[in-house]
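Here is what each chain is made of, one letter per residue.
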Amino acid sequence: QDAWAAKLRLADDPLLAHFRDRALALAREKSANEADNLRFTEIEVAGIVTRFEAPPKSREDMSALLSDRLDDIEDLLLADASPRELWARIDQEHLLRREVARELTRMSNGLYLVSQESVTADEKETDIRLASTAAGQEGVIELKRAEGFSGRVLFETIFGQLVQKYLAPRNRRAGLLVISLATKGHFEHPESGERLTPEEFLAVLKVEAKRIEQHLGHEISIDVRLLDLRPRLRTS
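Parameters at a glance
Residues numbered from 1 in each chain as written. Predicted model: local features only at pLDDT ≥ 70, side-chain atom pairs only at ≥ 80, totals over all residues. Heavy atoms only, no water. Helix = DSSP H or I, 4+ residues; strand = E, 2+ residues; numbered from the N terminus. Polar contact = N/O pair within 3.5 Å; in protein donor to acceptor, adjacent residues only side chain to side chain. Contact = heavy atoms within 4.5 Å. Axes fitted to C-alpha atoms, helices over the stretch in contact; angles between N-to-C directions. Parallel < 35°, antiparallel > 145°, perpendicular 65-115°, else oblique. Nonpolar A, V, L, I, M, F, W, Y, C, P; charged D, E, K, R; others polar. Salt bridge = Lys/Arg side-chain N within 4 Å of Asp/Glu carboxyl O. Buried < 20%, exposed > 50% of the residue type's maximum accessible area, 1.4 Å probe, protein only. Expected span 1.5 Å × (residues − 1). Bend = angle between axes of the 7 residues up to and from the residue. Pairing = 2+ DSSP bridges. Right-handed = clockwise from strand over helix to strand, strands pointing away.

Enquirer: I tried to follow the side chain of R145 on my own but got confused; where do I start?
Expert: Relative to the assigned elements, R145 resides in strand β3 (residues 138-145). A polar atom in the side chain of R145 sits 3.4 Å from the backbone oxygen of I90. Leaving out residues up to four positions away in the same chain, R145 has contacts with I90, D91, Q92, E93, L96 and S180.

Here it is as structure tokens:
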């Protein structure tokens, strides 16, 4: 809805007065295509009524699902029965990945299937892969422990690993780089070496993710999230 409203405002801009009719026609065409892509069978509609969610059928759907499930995991880490302390003690990436994958499976709600360390065509291994139960859409979560990598390596992981290696298939165009943070209090800027807070470093990575999306013509959807496992309340 926000995108539709923005297109209407753009069409009404005096600078586009000569292009207004064409801009409106393109907006209607895009809206119609998006509406046509949201097709559900009767069984799928019944599932939506029961689960209050629909299995992802497009790259955008899968991207939104990945983000929603990371939100759910962050909520879990704030709960009374949070696994935060246990996860923070895990010093091996594959063990932490296993715990995250277990939670993603528990939260699947019949929308997707979870697999770990699936091998790609060129013998590269993804971390966590979500496959939609309603279509051929897949999403990839690449998990990295902040304590094991430099800022530059994490920065380069977005394109060099997540995009080039894991998001090449046409049905797998949504990816999420998740960086777990148990003890690390700062990161070095990938270019200047400047000391950054985790929040500042995350902002740098998100800018790079959007730059890559734009460079590739928005054929993929990628994002970066921090999984903060540091103690919430420090003892005095």
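Enquirer: Even after reading the chapter, I still don't get the packing of helix α4 (residues 59-77) against helix α6 (residues 93-106), so can you show me in this structure?
Expert: Helix-helix packing is characterised by the crossing angle of the two axes and by the distance between the axes. Viewed as axis vectors pointing N to C, α4 and α6 meet at an angle of 110°, and their least axial separation amounts to 11 Å. As far as their axial angle goes, α6 and α4 are roughly perpendicular. Across from R69, I73 and L76 in α4, the residues of α6 making contact are V100, E103, L104 and R106. Of the residues that constitute the contact of α4 with α6, the class distribution is four nonpolar, no polar and three charged.

Enquirer: Which parts of the structure should I look at to understand the pattern of salt bridges?
Expert: When the charged atoms of two side chains lie near each other, side chains of opposite charge can form a pair. Scanning the entire structure with this criterion turns up 19 salt bridges. Ionic pairing is found between E103 and R106, a salt bridge with its closest N-O pair at 2.8 Å. Of the two residues, E103 and R106 both sit in helix α6, three residues apart, roughly one turn of that helix. Accessibility expressed as a relative area gives 15% for E103, which makes it buried. Salt bridges here are not isolated pairs; linked through shared partners, they connect D71, E74 and R225.

Enquirer: Please explain helix α7 (residues 151-166) as it appears in this structure.
Expert: Residues three or four positions apart in an α-helix share a direction because the helix packs 3.6 residues into each turn. Helix length check: α7, at 16 residues, gives a terminal C-alpha distance of 21 Å against a target of 22 Å (1.5 Å per residue), a fit within 8%. The sharpest bend along α7 comes to roughly 50°, located at T157. Restricting attention to buried positions, one finds in α7 the residues G151, L154, F155, T157, I158, Q161, L162, V163 and Y166. Close packing links the buried residues of α7 with β3, β4 (174-181), β5 (187-188), α8 (198-215) and β7 (221-228).

Enquirer: Sorry, what's going on with the sheet that holds strand β1 (residues 112-116) here?
Expert: The pairing of strands in a sheet comes from backbone hydrogen bonds and takes either a parallel or an antiparallel form. Strands sit in the order β1-β2-β3-β4-β7 across an open sheet of five strands; the sheet is mixed. Edge positions in the open sheet fall to β1 and β7, since each of these has one partner strand only. With direction set aside, neighbouring strand axes in the sheet form an average angle of 20°. Most of the contacts of α4 go to β7, to which it runs at about 5°, and overall it touches β1, β2 (128-132), β3, β4 and β7. Strands β3, β4 and β7 of the sheet are contacted by α7, whose axis makes an angle of about 150° with β3.

Enquirer: Would you mind going over unusual backbone geometry with me for this structure?
Expert: Excluding glycine, most residues fall at negative phi; most peptide bonds, likewise, are trans. Positive phi, normally seen in glycine, also occurs at N109, with a value near 55°. On the basis of relative accessibility, which here comes to 31%, the residue N109 falls in the partly exposed class. The phi angle at H218 is positive, at roughly 60°, despite the residue not being glycine. Examined against the element boundaries, H218 turns out to sit in the loop between α8 and β7.

Enquirer: What exactly am I supposed to notice about the pairing of β4 here?
Expert: Looking down a regular strand, the side chains alternate between one sheet face and the other. The element β4 is extensively covered by neighbouring structure, given that eight of its eight residues are classed as buried. Where burial is concerned, the two faces of β4 agree: the one with A174, L176, V178 and S180 and the one with G175, L177, I179 and L181 are both buried. Where β3 lies against β4, seven bridges are found, and the strand directions are parallel. Bridging from a neighbouring strand, I141 pairs with L176 of β4. Taken together, β3, α7 and β4 form a β-α-β motif whose crossover is right-handed. Pairing analysis gives eight bridges linking β4 to β7, with the strands arranged parallel.

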